[in-house]
Amino acid sequence: MTTDEYKKIVSASVSEEAEQAHMMAWCAWAQNTYPQLDLAVHVPNEGKRSAAAGYKLKQAGMRAGFPDFFLPVPIIDTDGRLIYSGLAIELKKTGGRPTEKQIEWLEKLEGTRHAVAICWGAEAAIELIGAYCRKDIDSIRRSTHSAEQLETIRPKKRAPKVSKINFKRLSYFAVGCTQTAITALDILINGTVTGRSLVIVLALSVAALFTMIREVGRG
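The rules behind the values
- Residues numbered from 1 in each chain as written.
- Predicted model: local features only at pLDDT ≥ 70, side-chain atom pairs only at ≥ 80, totals over all residues.
- Heavy atoms only, no water.
- Helix = DSSP H or I, 4+ residues; strand = E, 2+ residues; numbered from the N terminus.
- Buried < 20%, exposed > 50% of the residue type's maximum accessible area, 1.4 Å probe, protein only.
- Contact = heavy atoms within 4.5 Å.
- Pairing = 2+ DSSP bridges.
- Axes fitted to C-alpha atoms, helices over the stretch in contact; angles between N-to-C directions.
- Parallel < 35°, antiparallel > 145°, perpendicular 65-115°, else oblique.
- Left-handed = near helix turned anticlockwise from the far one by under 90°.
- Phe/Tyr/Trp six-rings, centres within 6.5 Å; stacked < 30°, edge-to-face > 60°.
- Polar contact = N/O pair within 3.5 Å; in protein donor to acceptor, adjacent residues only side chain to side chain.
- Expected span 1.5 Å × (residues − 1).

**A word on the overall build of the protein**
No. 1: A tally of regular secondary structure across the protein gives nine helices and six strands.
No. 2: Each of the 219 residues in the protein was classed as buried or not, and the buried ones make up 30%.
No. 3: Taking contacts inside the protein between residues at least 6 apart in sequence as the whole, the part at least 24 apart equals 66%.

**Things to note about the environment of phenylalanine 70**
No. 1: Along the chain, phenylalanine 70 falls in strand β2 (residues 69–71).
No. 2: Setting aside anything within four residues of it in sequence, one finds phenylalanine 70 in contact with Leu39, Ala40, Val41, Leu87, Ala88 and His114.

**Quick look at the sheet that holds strand β6 (residues 115–120)**
No. 1: Strand order in this open sheet of four strands is β1-β2-β5-β6, and the pairing throughout is mixed. The sheet is open, and its two borders are formed by β1 (41–42) and β6, each paired with just one other strand.
No. 2: Docked against the sheet, helix α2 (residues 16–29) engages β1, β2 and β5 (87–92), running at close to 145 degrees with respect to β5.
No. 3: In this fold helix α4 (residues 100–110) packs onto β5 and β6, with an angle of close to 150 degrees to the strand it touches most, β6.

**Some details on the packing of α2 against helix α5 (residues 122–134)**
Any two packed helices are characterised by the angle at which their axes cross and by the distance between the axes.
No. 1: Contact geometry for α2 and α5: axes closest at 9 Å, N-to-C directions at 30 degrees. The angle between the axes of α2 and α5 places the two elements in the roughly parallel class. For α2 against α5, the interelement crossing comes out right-handed. When α2 is examined against α5, the residues Glu19, His22, Met23, Trp26 and Cys27 are found in contact with a partner set consisting of Ala122, Glu123, Ala125, Ile126, Ile129 and Gly130.

**Let's talk about the packing of aromatic side chains**
No. 1: Under the defined criterion, the tally for this structure stands at four aromatic pairs.
No. 2: Centroid distance tryptophan 26 to tyrosine 34: 6.3 Å. Interplanar angle 45 degrees. Geometry classified as tilted.
No. 3: Look at tryptophan 26 and you get buried, because its relative accessible area is 17%.
No. 4: Note on tyrosine 34: relative accessible area 13%, which makes it buried.
No. 5: Taken together, a centroid distance of 4.9 Å and an interplanar angle of 75 degrees make the contact between phenylalanine 66 and tryptophan 105 edge-to-face. With a gap of 39 residues between them, phenylalanine 66 in the loop between α3 (51–59) and β2 and tryptophan 105 in helix α4 connect regions that are remote in the sequence.

**Describing the pairing of β6**
No. 1: Within β6, five of the six residues are buried, leaving the element largely enclosed by the surrounding structure.
No. 2: Summarising the sheet, β5 and β6 pair through six bridges and their orientation is parallel. Across the sheet, the residue bridging to alanine 88 is valine 116, located in β6.

**Describing the side chain of threonine 144**
No. 1: Inspection of the secondary structure assignment puts threonine 144 in the loop between α6 (137–143) and α7 (147–153).
No. 2: The exposure class of threonine 144 is buried, given its relative accessible area of 11%.
No. 3: A distance of 2.7 Å separates a polar atom in the side chain of threonine 144 from the backbone oxygen of isoleucine 140.
No. 4: Those residues in contact with threonine 144 that sit more than four places away from it in its chain are Ala115, Val116, Ala117, Leu128 and Gln149.

**Here we look at α5**
An α-helix turns once per 3.6 residues; consequently, residues spaced three or four apart project the same way.
No. 1: Here α5 contains 13 residues, and its C-alpha end-to-end distance of 18 Å stays within 8% of the 18 Å for a straight helix at 1.5 Å per residue.
No. 2: Every buried residue belonging to α5 is among Ala122, Ala125, Ile126, Leu128, Ile129, Gly130, Ala131, Tyr132 and Cys133, and all of these are buried.
No. 3: Directly after α5, the chain includes lysine 135, whose backbone phi takes a positive value near 60 degrees.

Set out below in structure tokens:
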């Protein structure tokens with residue numbers, strides 16, 4: 001096993017929260033070298049929450065998909081021209097995939113002259129943050145993503161799932177037709193509805209009811 005293979009295995013067992021903590025701890029430690037990191041912000045959009053907590057956060061202004069790391073420090077060249085407005089990083093653990101909303105945010109920020117990147121692992125993010133603080137433009141360009149590159153990373157749209165509603169409607173329709181046919185056949189043969197037919201119709205109705213309850217429970 002190579003060193004890189006070992007690092008991938010170790011990284012895959014680390015949560016994104018741990019990667020975030022690692023990245024922000026480095027930013028706090030490196031402020032003596034890079035004072036601009038005092039403006040670095042981690043936006044805690046990740047994590048599972050109850051519906052009520054999620055609603056309250058949205059009401060308070062939380063935006064789904066906003067990058068994990070944001071550094072609102074511009075890079076300006078010696079002629080006074082703006083190179084980058086700031087740095088935005090979506091941090092993922094090894095094997096993690098960005099969501100559609102995360103890609104959309106990076107595209108918006110890239111369109112406003114921000115350096116944007118998806119980094120797999122804290123070490124990759126730290127390397128990019130250091131390069132940005134040093135204004136190492138070549139390293140920044142190698143590590144960040146253009147709009148075209150973001151498009152290639154965008155999650156592929158899944159084929160729409162076959163709706164269960166058609167099957168459920170068909171099954172209910174079939175049960176109804178069967179009930180009607182049994183009742184009509186009984187009347188033709190016996191001239192009236194017999195107890196046996198009523199039992200069969202009742203059994204079919206109960207079966208249809210239980211099927212409906214089970215499907216509703218499954219959502």
